[in-house]
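This is what each chain is made of:
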Amino acid sequence: MLALDQAQKAAQRGEVPVGAVLIDEQQQFIASGHNQPILGHDPTAHAEIVALRAAAQIKQNYRLTGTTLYVTLEPCAMCVGAMIHARIKRLVYAADEHKTGAIHSTCKLLESGQFNHTIEVTSGVLDQPCADILSRFFSERRAQKKQLRNKREL
């Protein structure tokens, strides 16, 4: 899965490992992105937003109708809002994000019925590999913090 490759790129750069890939109705690649808010000093630089921005530039249109967005982690409210505005047709995501996920985990934005656009959703695709990369990333980060604390105590 290309989105998982993007997540690996984010992890290698010290970013939370989330990746996204956008394809068109003919299953042709349009754009991809990975988390980069730390490196880009941009709180909106989530993988989904990065991919949507790149696709909009390529298509020369902010409407990305008929497209499918593949993401390694359940999108947050900001990203769901961007997908609605872009008129994404379908979202496929892997792992649930129990703290900030806005599809099934917390506020369930797409179920509200308040928006003028609906998005088809498929979840759980490659759930385990995507959850594993996140678990490894945060485990390594905790270990690094512990090492730093131990060094300071010496």
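Residues numbered from 1 in each chain as written. Predicted model: local features only at pLDDT ≥ 70, side-chain atom pairs only at ≥ 80, totals over all residues. Heavy atoms only, no water.

Asker: Is there a simple way to explain the packing of helix α3 (residues 47-59) against helix α4 (residues 77-86) in this structure?
Answerer: The geometry of a pair of packed helices is captured by two quantities: the angle between their axes and the separation between those axes. Look at α3 against α4: their axes get within 9 Å of each other, and the N-to-C directions meet at 25°. Overall, the two elements α3 and α4 adopt an arrangement that is roughly parallel. Of the two possible hands of crossing, α3 and α4 adopt the one that is left-handed. Contacts between α3 and α4 pair E48, I49 and L52 from the former with M78, C79, A82, M83 and A86 from the latter. Classifying every residue of the contact of α3 with α4 gives seven nonpolar, no polar and one charged. (Axes fitted to C-alpha atoms, helices over the stretch in contact; angles between N-to-C directions. Helix = DSSP H or I, 4+ residues; strand = E, 2+ residues; numbered from the N terminus. Parallel < 35°, antiparallel > 145°, perpendicular 65-115°, else oblique. Left-handed = near helix turned anticlockwise from the far one by under 90°. Contact = heavy atoms within 4.5 Å. Nonpolar A, V, L, I, M, F, W, Y, C, P; charged D, E, K, R; others polar.)

Asker: How should the side chain of E74 be read in this particular structure?
Answerer: Topologically, E74 is positioned in the loop between β3 (68-73) and α4. Among the polar contacts listed, one links the side chain of E74 to the backbone nitrogen of I103, at a separation of 2.9 Å. Each residue touching E74, except ones within four places of it in the same chain, is listed here: Y93, A95, D96, E97, G101, A102, I103, H104 and S105. (Polar contact = N/O pair within 3.5 Å; in protein donor to acceptor, adjacent residues only side chain to side chain.)

Asker: Please explain the packing of aromatic side chains as it appears in this structure.
Answerer: Given two aromatic rings, their pairing is described by the distance between the two centres and the angle made by the two planes. Using the criterion set out here, one finds one aromatic pair in the structure. On the numbers, 5.1 Å between centres and 85° between planes, the contact of F137 with F138 is edge-to-face. (Phe/Tyr/Trp six-rings, centres within 6.5 Å; stacked < 30°, edge-to-face > 60°.)

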